[in-house]
Amino acid sequence: MSIPVDWSDLPPELLEMIAKKLNIHKDYVRFRAVCLAWRNAAPKIPRHLPCQLPWLMLPRRTNQDPQSNHRSFISLSDDKIHLLNLPEDSDSHRRCGSSHGWLVILEETPSISILNPLTQSKHQLPPLSSFPNVTKFDPCEIGREYTLKTSDGDVYTCNSKEMRDSFIKKVIFSSSPSNEDLDYYAVAILNQTGDLAYCKKGDQCWKFIDDANSFCEDVIFHKGYFSAVSKYGTIAVCDVNGSSPVVSFIETPRQIGGDMQYLVPWKDELLLVTRYMEVEFNMDQNKLDILYKTTEFRVYKLVSNGPKWESMSELDGWALFVGENCSISFRAYEYPGCKGNCIYFTDDYSEWNYNGANGSHDLGIYDLENGCVEPLPCYPEKFYNGRRWPPPIWITPSLY
């Protein structure tokens, strides 16, 4: 005769030990949902969890209620769609990057917000009006609220919509803004000038990294420093911990060709990922349609003896995720639904031209071994006919 067991009576130390063995975010949430005893044994903020496989944040569905604040996130690990309420991501807002599970959101005001979609935590970065090249902001001057100055001394104006849509390319963080015990830095890539700007938690304004203003293809935080890459594969290593930035350079032979460059941390090393695209221009009824399509990726590993970029034909079973997100890599066999030796990509170019672009979003999976581009099996393209703005973006789900 079996003896019934009351699982809520398990010793707290045993429950705590079990909770620390859980590595998947959803398993941890389900563990805490069993009962009060299990919830008390597992801290609300699971700092032991490794980085989770990214979710794909989708644009609005073509038939979605314009008043709805819900956003769809696709989980690759279980091929499920999760709906989250995000009023901060309305059609009047724009995302410009995701890092450590946080979204960076701009609107038609100087405000720059950062948001954790899972916890609903929200903070502010220094405003658009605080960038060094913004010399004036006057909300009463409708249509030219911002006055900017180029490095050559030329002055021009921008309206609020232009600043929202095209001033910043991407923002990344040195660490999660959720950790209240630690400071973090943010680095922004500026679209039109190619400048890199940074701020520290609690700062009131942005500062330029003056010696790295042409290293605007991509930037990541790697081994304690921000590393940025130029169009030709040269690396600028930026130390922003002191009173002023200190920049050193890794001069590699010039990388010729390719349309976009990404830096990706891989194991304990640094990869350069070069993206090749085809662009078609079609005239139909006096309207120009622009079609973007990714055809190939090439991957190179930084070799310190040289230094030089060494071509790679496989990733030792790892998967890379690139796009508007902070570039990341995963050992694929540890994550259900993830394919090794592949590059998962989304479109992160010419964002301010989406209204004039045709076709669907340029996203998919590139198999580095056979050179083929595959569609994302979980992406329900029929619900997103046409290029919806803003585009899909990878975001790592994080409770902290």
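Just so we're clear, the structure is a prediction, and the values are computed from it rather than from any experiment.

Side note on the sheet that holds strand S16 (residues 225-229)
Within a beta sheet, neighbouring strands are joined by backbone hydrogen bonds and run either parallel or antiparallel to one another.
Logical step 1: Across the sheet, which stays open at both edges, the four strands sit in the order S15-S16-S17-S18 with antiparallel pairing between neighbours. Two strands in the sheet have a free side with no partner beyond their single neighbour: strand S15 (218-222) and strand S18 (246-250). Going from strand to strand, the sheet's axes swing by 25° on average, the running direction of each strand aside.
Logical step 2: Strand direction decides the pairing type here: strand S17 (residues 235-239) and S18, joined by five bridges, are antiparallel. Directly across from Val237, in S18, lies its bridge partner Ser248.

With respect to the side chain of Asp348
Logical step 1: Note that Asp348 resides in the loop between strand S25 (342-345) and strand S26 (364-367).
Logical step 2: Side-chain polar atoms of Asp348 contact the side chain of Tyr262, separated by 2.9 Å.

Things to note about the pairing of strand S12 (residues 185-190)
Logical step 1: Of all six residues that make up S12, six are buried, and the element is covered over most of its length.
Logical step 2: Judged by which residues are buried, S12 turns out to be covered on both faces: Tyr185, Val187 and Ile189 on one side and Ala186, Ala188 and Leu190 on the other are all buried.
Logical step 3: Two strands pair when backbone bridges link them, and strand S11 (residues 168-173) and S12 are joined in this way by five bridges, in the antiparallel orientation. Looking at S12, one finds that Ile172 is bridged to Val187.
Logical step 4: Bridge count for S12 against strand S13 (residues 196-200) is five bridges, and the pairing is antiparallel. Within the sheet, the bridge partner assigned to Ile189 lies in S13 and is Leu196.
Logical step 5: In sequence, S12 turns back onto S13 through a hairpin of five residues, with Gly194 there showing a positive phi of about 75°.

What about the confidence of the model for the chain?
Logical step 1: Averaged over all residues, the pLDDT of the chain is 87; the fraction at 70 or higher stands at 91%.
Logical step 2: Here residues 351-356 is modelled with pLDDT under 50, and outside its nearest four sequence neighbours on either side it reaches 17 contacts, counting other chains as well.

Topic: the pairing of strand S4 (residues 94-99)
Logical step 1: Along S4, six of the six residues are buried, which leaves the element largely enclosed by surrounding structure.
Logical step 2: Note that S4 and strand S5 (residues 102-106) share four bridges and pair antiparallel. From the neighbouring strand, Ser99 faces S5, where its bridge partner is Trp102.
Logical step 3: Between S4 and S5, which pair antiparallel and follow one another directly, the connecting turn spans two residues, one of which, His100, has a positive phi of 55°.

A closer look at the environment of Ser121
Logical step 1: Along the chain, the position of Ser121 falls in the loop between strand S6 (112-115) and strand S7 (122-125).
Logical step 2: The exposure class assigned to Ser121 is partly exposed, which follows from its relative accessible area of 30%.
Logical step 3: Expressed as a C-alpha distance, the spacing of Ser121 and Tyr156, which sit 35 residues apart in the sequence, is 36 Å.
Logical step 4: Excluding residues that lie within four positions of it along the chain, Ser121 makes contacts with Trp102, Ile114, Leu115 and Asn116.
Logical step 5: At 3.1 Å, the side chain of Ser121 forms a polar contact with the side chain of Thr119.

Observations regarding unusual backbone geometry
Logical step 1: In this structure, the amide linkage connecting Gly306 to the following residue, Pro307, adopts the cis form with an omega of -20°.
Logical step 2: Residue Asn341 is not a glycine yet carries a positive backbone phi of 60°.
Logical step 3: Structurally, Asn341 is set in the loop between strand S24 (328-331) and S25.

With respect to the pattern of salt bridges
Logical step 1: Applying the stated criterion to the full structure yields 15 salt bridges.
Logical step 2: Across the salt bridge formed by Glu108 and Arg164, the nearest N and O atoms sit 3.4 Å from each other. Linking Glu108 in the loop between S5 and S6 with Arg164 in helix H4 (residues 160-166), this pair joins segments that are 56 residues apart in sequence.
Logical step 3: Given a relative accessible area of 40%, Glu108 falls into the partly exposed group.
Logical step 4: On the basis of relative accessible area, Arg164 is assigned to the buried category, the value being 4%.
Logical step 5: In this structure, the salt-bridge partner of Asp268 is Lys223, at a minimum N-O distance of 3.8 Å. Of this pair, Asp268 sits in the loop between strand S19 (260-266) and strand S20 (269-284) while Lys223 sits in the loop between S15 and S16, and the two are 45 residues apart along the sequence.
Logical step 6: For Lys223, a relative accessible area of 53% corresponds to the exposed category.
Logical step 7: One salt-bridge network, held together by shared partners, links Glu108, Lys161, Arg164 and Asp165.

Some details on the sheet that holds strand S9 (residues 146-149)
Logical step 1: Read across the open sheet, the three strands follow the order S8-S9-S10; overall the sheet is antiparallel. Pairing within the sheet leaves two strands with one partner each, and these edge strands are strand S8 (134-137) and strand S10 (155-158). When the angles between neighbouring strand axes are averaged without regard to direction, this sheet yields 25°.
Logical step 2: Looking at chain direction, S8 and S9 are connected through three bridges and run antiparallel. Bridge pairing links Lys136 to Thr147 in S9.

Conventions we followed
Residues numbered from 1 in each chain as written. Predicted model: local features only at pLDDT ≥ 70, side-chain atom pairs only at ≥ 80, totals over all residues. Heavy atoms only, no water. Pairing = 2+ DSSP bridges. Helix = DSSP H or I, 4+ residues; strand = E, 2+ residues; numbered from the N terminus. Axes fitted to C-alpha atoms, helices over the stretch in contact; angles between N-to-C directions. Polar contact = N/O pair within 3.5 Å; in protein donor to acceptor, adjacent residues only side chain to side chain. Buried < 20%, exposed > 50% of the residue type's maximum accessible area, 1.4 Å probe, protein only. pLDDT = per-residue confidence, 0-100. Contact = heavy atoms within 4.5 Å. Salt bridge = Lys/Arg side-chain N within 4 Å of Asp/Glu carboxyl O.

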